[in-house]
Amino acid sequence: MRTKAKTITARQLHDTLSKIKVGGAACHYSLKKCGELTPIINEINQLKQNQNAIILAHSYVAPDIIYGVADFVGDSYGLSKDALSTSAEKIIFAAVRFMGETAQILNPHKEVLIPATDPGCTLADAITDEEVRRLRKEYPDYAFVCYVNTTAEVKAECDVCVTSANIYHIIEKMPNKKIYFLPDKLMGQNLIDEMKERGINKEIAFYKGTCVVHEEFTKEEVLHIRSEYPDVKVVSHPECKPEVCEISDYVGSTSQMLKYMRTADGDRFLMFTECGLSSRMEVEFAGKEFVGSCRLCKYMKSNTLSDILRVLKNPTDKDRVLLDENIRKRALTSLEAMFAYTK
Ligand code: 13P
Ligand code: SF4
């Protein structure tokens, strides 16, 4: 027998989403807009139940997805592990392609669907597997470490995968002295700075990619906001420039930022990350004030409730993550190496 999924009213949705001030028009929810969204949300939640499907959502996607239909919300690493722990047969991954691929690498027997219409990422798109093979010839005695923001093909060519939450811990633990990190040059420089601070002696080379969202945040912006609000705490993602990270009060992955906020002193924060996370902070940390501007990732924001509904009703091969089995197995090796280092 099919049970009826819990439904939400426009008023309930509005009570949650009206707390959001950051992100401009894209993240502004009037009662009228909530009234238009709730029938879609309720239909998605019923279909999810009928199809034994779950929805994973990265913190950067629109708040109506996070608070309306998501079963798990988090960072790319945590979400893929969440996918492993459920009995759902179908995973709708509201994020970008490399995250859906990671979930598929770890869950080969589940169907993974990506509803985004533009699921790119300037980091994942910065380097190809062919380029990694060329670099391995140029740096023959280096261990190749890839950021999770890479394609399955690139992961398959690397030794270890890392996320923004575990990169420093893993590089410190690795026995190799020579490390080639790809594809983010800003994270690469932050990695060098952090290893120096920890007194770890490694030779680190890195590739030239950047995140189009995080590279935009500037030191001048920090100084300007601090002159206006001397008590402000600056919280940055390690994809930001080293000069920004250096003067931030806290630097961490999206999940680490949320953890930091739970115990952080102070009432006023400047978040240097995508607006989705800043919106979550506004909803989940009432009483704290978020100043300055956040930035939108057009790839993450190409996920919509309508497209989630569409892939539940009529999925096509374009929405499915389809990986070559040989590549999947080789990419899995780099993810398993990451799990071994973080055990
Ligand atoms: P997290 O792994 O910290 O969630 O970051 C993913 C990402 O794309 C950051 O821009
Ligand atoms: Fe990629 Fe940057 Fe968007 Fe994250 S915020 S998905 S790194 S483009």
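For the structure itself, look to the data block above.
Parameters at a glance
- Residues numbered from 1 in each chain as written.
- Chains lettered and ligands numbered in written order.
- Predicted model: local features only at pLDDT ≥ 70, side-chain atom pairs only at ≥ 80, totals over all residues.
- Heavy atoms only, no water.
- Helix = DSSP H or I, 4+ residues; strand = E, 2+ residues; numbered from the N terminus.
- Rg over C-alpha atoms; globule rule 2.2 N^0.38 Å.
- Buried < 20%, exposed > 50% of the residue type's maximum accessible area, 1.4 Å probe, protein only.
- Contact = heavy atoms within 4.5 Å.
- Lys, Arg positive; Asp, Glu negative; His and termini not counted.
- Charge placed at Lys NZ, Arg CZ, Asp CG, Glu CD.
- Phe/Tyr/Trp six-rings, centres within 6.5 Å; stacked < 30°, edge-to-face > 60°.
- Lys NZ or Arg CZ within 6 Å of the ring centre and 35° of its normal.
- Near = heavy atom within 4 Å.
- Nonpolar A, V, L, I, M, F, W, Y, C, P; charged D, E, K, R; others polar.
- Pairing = 2+ DSSP bridges.
- Axes fitted to C-alpha atoms, helices over the stretch in contact; angles between N-to-C directions.

J.: Explain the overall build of the chain here, please?
T.: In terms of helices and strands, the chain carries 15 helices and twelve strands. Relative to its length of 343 residues, the chain is compact, with a C-alpha radius of gyration of 20 Å against a globular reference of 20 Å. Principal-axis analysis of the C-alpha atoms gives the chain an extent of 60 × 55 × 30 Å. Relative to its full complement of 343 residues, the chain shows a buried share of 55%. For the chain, restricting intrachain contacts to residue pairs at least 6 apart in sequence, the fraction spanning at least 24 positions comes to 66%. Each charge class in the chain was averaged separately, 46 positive and 48 negative side chains, and the resulting centres sit 4 Å apart.

J.: Looking at this structure, I do not really get the packing of aromatic side chains. What am I missing?
T.: The description of an aromatic ring pair uses the distance of the two centres, along with the angle that the planes make with each other. Counted under the stated rule, the structure contains eight aromatic pairs. Members of the aromatic cluster, joined through ring pairs, are Y139, Y142, F144 and Y180. When the ring centre of Y29 is taken as origin, the NZ or CZ atom of K33, which lies over that ring, is 4.5 Å away. Directly above the ring of F339 sits K81, whose terminal nitrogen or CZ lies 4.8 Å from the centroid.

J.: Explain the site of ligand 2 to me, please; I cannot follow it from the model alone.
T.: Around ligand 2 lies a shell formed by Y60, C121, T122, L123, N149, C211, V213, E239, C297, Y299 and M300. Looking at side-chain class alone, the shell around ligand 2 contains eight nonpolar, two polar and one charged residues.

J.: When you look at the sheet that holds strand β8 (residues 203-206) in this model, what are you seeing that I'm missing?
T.: Backbone hydrogen bonds are what pair the strands of a sheet, in a parallel or an antiparallel way. With parallel pairing, four strands are arranged side by side in an open sheet as β6-β5-β7-β8. For this open sheet the edge positions go to β6 (160-162) and β8, each flanked by a neighbour on one side alone. Averaged over neighbouring strand pairs, the angle between their axes works out to 30° when direction is ignored. Taken together, the four bridges between strand β7 (residues 178-182) and β8 define a ladder with parallel strand orientation. Its bridge partner lying in β8, I179 is registered against I204. Against the sheet, helix α9 (residues 185-197) contacts β5 (143-147), β7 and β8, and its axis sits at roughly 170° relative to β8.

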